[in-house]
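The residues making up each chain are set out below.
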Amino acid sequence: MIIVMRHDATEAQVQNLVAHVHAHGFRAHLSGGDERTVIGVIGHDPYSLRDAVADAPGVAEVVRITKPFKLSNREFRSGDTHVRVGDHEVGGDHIWVVAGPCSVDDEEVFLETARLVKAAGAHALRGGVFKPRTSPYSFQGLRGDGVEILRRARQETGLPLVCEVLSAADIDALAEVADVLQIGARNMQNFSLLSEVGRLRKPVLLKRGMSATIEEWLLSAEYILSQGNYDVILCERGIRTFETYTRNTLDLNAVPLIRELSHLPVIVDPSHGTGRRSLVIPMALAGIAAGAHGLMIEVHSHPEAALSDGAQSLTPPAFKELVDRLAPLSAALRKGVAV
Ligand code: PEP
Ligand code: MN
């Protein structure tokens, strides 16, 4: 349930309601919208409070949110959430591009890739150091040594870092160097990990599980928001279907649907979404055309030597080609097409 305050409601009226909500054993979440204050009432059966608060001073209306996801629901915030990463507002008018190798596998190669993606126009750098691999015999990431390499790359390029956290035990080490913590597809329903990153005040990039419905994905975001961390960026990375020519099927329905259902920003990862280098650029452009706020692209300066996901990694020149094609596309999308 949300309590929508009147435009002229005073801070004291808001605080009175918050105290009332707490006194009845519910949690209150205030939305930061400019136009009006909204109090999200979270807990079991919050609608039982309706009659007691509907006529309280300063209240404009009480709205029952019938969908199971509440704080990520578009009704909770009038505008889009903007998540600040470095100089960029993810979820605003400008496309956010994260690029870099699947995993950090060699210091020189990582630094070379980092310089090249920066020169091509990336806003943030990615590179996993704890890798969730299907086989326990595959490369698992450089772990602690990798964290040091990330630190050097961040220092040298000045690019914010996006890095996957696999378990709660790694949060502290990674949070110190990463600007955004990524929760991967395989951990989308690791509820204790979601709650842990919800306690941080650091942006979280939440990938969609490969068999997760959109509602399950938003409920996972809800675990993070309900702990007080509202800086969540959703990432569509493809779902499992019967198709075998591609690694996954990039579900572009999800992009406009998320924008309809939620105020959270949503980006697209066509690298895991397709698994094939040749499909990455067209599907990246399609993702932006569908309304995504950004892209996550795997790029490796020597993809043939990559220890993970080389086949879906763009070379730096191909990445540059993609970035160069984004500006005219976004201009065309915003201005419409002349006929
Ligand atoms: C990754 O980003 O390298 C990754 C493992 O992605 P996903 O969790 O989407 O498979
Ligand atoms: Mn990968």
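Note that the coordinates shown come from a computational prediction; the quantities given were computed from them, not determined experimentally.

Turning next to the confidence of the model for the chain. Taken as a whole, the chain shows an average pLDDT of 96; of its residues, 98% reach a score of 70 or greater. Within the chain, strand 2 (residues 27-31) has the poorest average pLDDT of any element, 93, and strand 12 (residues 232-236) the best, 99.

It is worth spelling out helix 6 (residues 191-198) at this point. Within helix 6 the residues assigned to the buried category are Leu193, Leu194, Ser195, Val197 and Gly198. Buried residues belonging to helix 6 abut helix 5 (171-177), strand 10 (180-183), strand 11 (204-207) and helix 7 (214-225).

Attention now moves to the nonpolar core. Judged by nonpolar contacts, the single largest core of 77 residues is most densely connected at Leu174, Leu206, Leu234 and Phe319. The biggest single contributor to this core is helix 7, with six residues. Residue contacts for Phe319: discarding those within four places in its chain leaves Val97, Ala99, Val117, Ala120, Ala122, Ile297, Val299 and Leu314. With 17 residues, the next largest nonpolar core counts Met1, Met5, Ile39 and Val41 among its residues.

What follows covers the site of ligand 1. Near ligand 1 the following residues occur: Cys102, Arg126, Lys131, Glu164, Gln182, Gly184, Ala185, Arg186, Lys207, Arg237, His272 and Glu298. Measuring from an oxygen atom of ligand 1, one finds a side-chain N or O atom of Arg126 at 2.7 Å. Here His272 contributes a side-chain N or O atom positioned 3.3 Å from an oxygen atom of ligand 1. Contact with the protein chains covers 97% of the free accessible surface of ligand 1, which is 290 Å². The class makeup of the residues in the shell around ligand 1 is two nonpolar, three polar and seven charged.

The next thing to look at is helix 10 (residues 277-289). One turn of the α-helix equals 3.6 residues, which is why residues spaced by three or four share an orientation. When helix 10 is considered as a whole, its buried residues turn out to be Val280, Ile281, Ala284, Leu285, Gly287 and Ile288. Looking at the buried positions of helix 10, the neighbouring elements they touch are helix 8 (254-261), strand 13 (266-268), helix 9 (270-274), strand 14 (294-298) and helix 11 (316-335). After helix 10 finishes, the residue Gly291 shows a positive phi value of roughly 110°.

Take the coordination of the manganese ion (ligand 2) next. On the protein side, the manganese ion (ligand 2) has Cys102 (SG), His272 (NE2), Glu298 (OE) and Asp309 (OD) as donor atoms, found 2.0 to 2.3 Å from it. Sequence positions of the residues that donate to the manganese ion (ligand 2) give the spacing C-x169-H-x25-E-x10-D. Placement of the pair is Cys102 in the loop between strand 7 (96-100) and helix 3 (107-120) and His272 in helix 9, with a sequence separation of 170 residues. On the basis of relative accessible area, His272 is assigned to the buried category, the value being 8%.

This part takes up the pattern of salt bridges. In total, this model carries 18 salt bridges according to the counting rule given. One salt bridge in this structure joins Arg208 and Asp251, with 2.7 Å as the shortest N-O distance. Pair noted here: Arg208 is in the loop between strand 11 and helix 7 and Asp251 is in the loop between strand 12 and helix 8, with a separation of 43 residues, a long-range link. Under the relative-accessibility criterion, Arg208 is labelled buried at 4%. Here Lys320 and Asp324 are joined by a salt bridge, their closest N and O atoms 2.9 Å apart.

A few words now on unusual backbone geometry. A positive phi angle, near 50°, is found at Arg143, a position not held by glycine. In this fold, Arg143 is placed in the loop between strand 8 (124-126) and helix 4 (144-157). Residue Arg143 is classed as partly exposed on the basis of its relative accessible area, which comes to 38%. The phi torsion at Asp309 lies on the positive side, around 60°, for a residue other than glycine.

Criteria and cut-off values
- Residues numbered from 1 in each chain as written.
- Chains lettered and ligands numbered in written order.
- Predicted model: local features only at pLDDT ≥ 70, side-chain atom pairs only at ≥ 80, totals over all residues.
- Heavy atoms only, no water.
- pLDDT = per-residue confidence, 0-100.
- Helix = DSSP H or I, 4+ residues; strand = E, 2+ residues; numbered from the N terminus.
- Buried < 20%, exposed > 50% of the residue type's maximum accessible area, 1.4 Å probe, protein only.
- Contact = heavy atoms within 4.5 Å.
- Core = buried A, V, L, I, M, F, W, Y, C linked by side-chain atoms within 4.5 Å.
- Near = heavy atom within 4 Å.
- Polar contact = N/O pair within 3.5 Å; in protein donor to acceptor, adjacent residues only side chain to side chain.
- Areas by Shrake-Rupley, 256 points an atom, 1.4 Å probe, with all protein chains shown as cover.
- Nonpolar A, V, L, I, M, F, W, Y, C, P; charged D, E, K, R; others polar.
- Donors = N, O, S within 2.8 Å, 3.2 Å for Na, K, Ca; no water.
- Salt bridge = Lys/Arg side-chain N within 4 Å of Asp/Glu carboxyl O.

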